[in-house]
Amino acid sequence: MIKIAPSILSADFSCLKTELEKIERSGADMVHLDIMDGHFVPPITIGAIVVNALRPHSKLLFDTHLMVSNPDSHIESFIEAGSDSITIHAEAATNLEASLARIRSLGARAGVSISPETDESVIINILDKVDMVLIMTVRPGYGGQKYIEGMEKKIRNVRDAANRLGLSLDIQVDGGINSETIKKVVTAGANVIVTGSAFFNSKDPAEFVSLLKGSV
Ligand code: DX5
Ligand code: ZN
């Protein structure tokens, strides 16, 4: 079952409540929140105060992607603000296992992400400690980039490792996903699809979501 996670990074930030309703009506499964700190990645986006303001306006799962240098100091505030799932970057964590355990102990789903230049071997031995692996298919920081070819191999390796361990974890892909690139990532084993610019540029978001869900 493919789950679709539209990213509000490509939404109209002057009317986020309306944009959230668009996601809700489209039949998507969760809302992807891109949190950037101006340090781990150059831009700054939104903080927990905005997540908290959005929370009453959606019943969907809030899937929070922390692109921040010091994830430990932000985990709690985003969970308190209403994030259901927190994904941290392996490159940013000082003690990855401890941070993931903390996310779970605070009642949220724990995710770990790797940037395109990071080898999947760094997370293979902690797959039983996460609910989701996020494989970046562009360099984190900006929406609207082109899918980096070859990331399918990484997805396949993580899916194979999870299968060997008997784990049915979610594998999420993020960056440059559209109705064409989705085919190769799903074939490789991804089941949670982030879509930013393609979703918000589509004329009919509901039609786009069903196209993505039915495309493989
Ligand atoms: C990039 C973000 C993505 C981004 C995806 O750093 O993590 O979630 O919004 O946007 P598209 O789908 O336009 O590549
Ligand atoms: Zn993201």
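These numbers come from a predicted model, not from an experiment.

Definitions and limits used
- Residues numbered from 1 in each chain as written.
- Chains lettered and ligands numbered in written order.
- Predicted model: local features only at pLDDT ≥ 70, side-chain atom pairs only at ≥ 80, totals over all residues.
- Heavy atoms only, no water.
- Helix = DSSP H or I, 4+ residues; strand = E, 2+ residues; numbered from the N terminus.
- Rg over C-alpha atoms; globule rule 2.2 N^0.38 Å.
- Buried < 20%, exposed > 50% of the residue type's maximum accessible area, 1.4 Å probe, protein only.
- Contact = heavy atoms within 4.5 Å.
- Areas by Shrake-Rupley, 256 points an atom, 1.4 Å probe, with all protein chains shown as cover.
- Lys, Arg positive; Asp, Glu negative; His and termini not counted.
- Charge placed at Lys NZ, Arg CZ, Asp CG, Glu CD.
- Near = heavy atom within 4 Å.
- Polar contact = N/O pair within 3.5 Å; in protein donor to acceptor, adjacent residues only side chain to side chain.
- Nonpolar A, V, L, I, M, F, W, Y, C, P; charged D, E, K, R; others polar.
- Donors = N, O, S within 2.8 Å, 3.2 Å for Na, K, Ca; no water.
- Tetrahedral: all angles 85-135°; square planar, octahedral: opposite > 155°, others 65-115°.
- Pairing = 2+ DSSP bridges.
- Axes fitted to C-alpha atoms, helices over the stretch in contact; angles between N-to-C directions.
- Salt bridge = Lys/Arg side-chain N within 4 Å of Asp/Glu carboxyl O.

Right, let's get into the overall build of the protein. Looking only at helices and strands, the protein features nine helices and eight strands. The C-alpha radius of gyration of the protein comes to 16 Å, within 12% of the 17 Å expected for a compact globule of 216 residues. The proportion of buried residues among the 216 residues of the protein is 53%. Here the analysis covers contacts within the protein between residues at least 6 apart in sequence; of these, 65% occur between residues at least 24 apart. Surface summary for the protein: the accessible area is close to 9,300 Å², and the carbon and sulfur share equals 52%. Looking at the protein, you have 21 positive and 27 negative side-chain charges, and the mean spots of the two groups are 4 Å apart.

Take the site of ligand 1 next. The environment of ligand 1 is formed by 20 residues, the closest being Asp-34, Gly-141, Asp-174, Gly-176 and Ser-197. Separating an oxygen atom of ligand 1 from a backbone N or O atom of Gly-141 is a distance of 2.7 Å. At a separation of 2.8 Å, an oxygen atom of ligand 1 approaches a polar backbone atom of Gly-144. Taken by itself ligand 1 offers 380 Å² of open surface, and the protein chains cover 99% of this. Contributions of two or more residues to the shell around ligand 1 are made by β2 (30-36), β3 (61-67) and β8 (192-195). For the shell around ligand 1, the leading source of residues is β2, giving three residues. Taken together, the residues that form the shell around ligand 1 break down as seven nonpolar, 11 polar and two charged.

In this section: the coordination of the zinc ion (ligand 2). Donor atoms from the polypeptide that bind the zinc ion (ligand 2) are His-32 (NE2), Asp-34 (OD), His-65 (ND1) and Asp-174 (OD), placed at 2.0 to 2.3 Å. Viewed at the metal, the six donor atoms of the zinc ion (ligand 2) are separated by angles of 69 to 168°, and the geometry they form is octahedral. Counting along the primary sequence, the residues that act as donors to the zinc ion (ligand 2) give the motif H-x1-D-x30-H-x108-D. One end of the pair, Asp-34, is in strand β2; the other, His-65, is in strand β3, and 31 residues separate them in sequence. Classification of Asp-34 by relative accessible area gives buried; the value is 7%. Exposure remark for His-65: the relative accessible area of 0% places this residue in the buried category.

What follows is about the sheet that holds strand β7 (residues 170-174). Taking strand neighbours across the sheet as the criterion, the eight strands line up as β1-β8-β7-β6-β5-β4-β3-β2 in an open arrangement whose pairing is parallel. In this open sheet, the two strands that pair with only one neighbour each are β1 (3-6) and β2. Put simply, the sheet's adjacent strands are angled 25° from each other on average, direction ignored. Summarising the sheet, strand β6 (residues 132-136) and β7 pair through five bridges and their orientation is parallel. Each residue of the ladder has a partner; that of Met-132, found in β7, is Asp-170. Sheet strands touched by helix α4 (residues 96-105): β4 (85-89) and β5 (109-114). Its angle to β5, the strand with the most contacts, is close to 145°.

A separate point is the pattern of salt bridges. Evaluated as defined, the whole model comprises 11 salt bridges. In this structure, Asp-170 engages Lys-3 in a salt bridge whose closest nitrogen and oxygen atoms are separated by 3.3 Å. A residue pair is termed long-range when its members are at least 10 positions apart, and Asp-170 in strand β7 and Lys-3 in strand β1 qualify at 167 residues. The exposure class of Lys-3 is partly exposed, given its relative accessible area of 26%. Put simply, Lys-183 and Glu-180 hold a salt bridge, and the shortest N to O gap is 3.2 Å. For Glu-180, a relative accessible area of 52% corresponds to the exposed category. Within this structure, Lys-3, Arg-109 and Asp-170 form a network of salt bridges that share partners.

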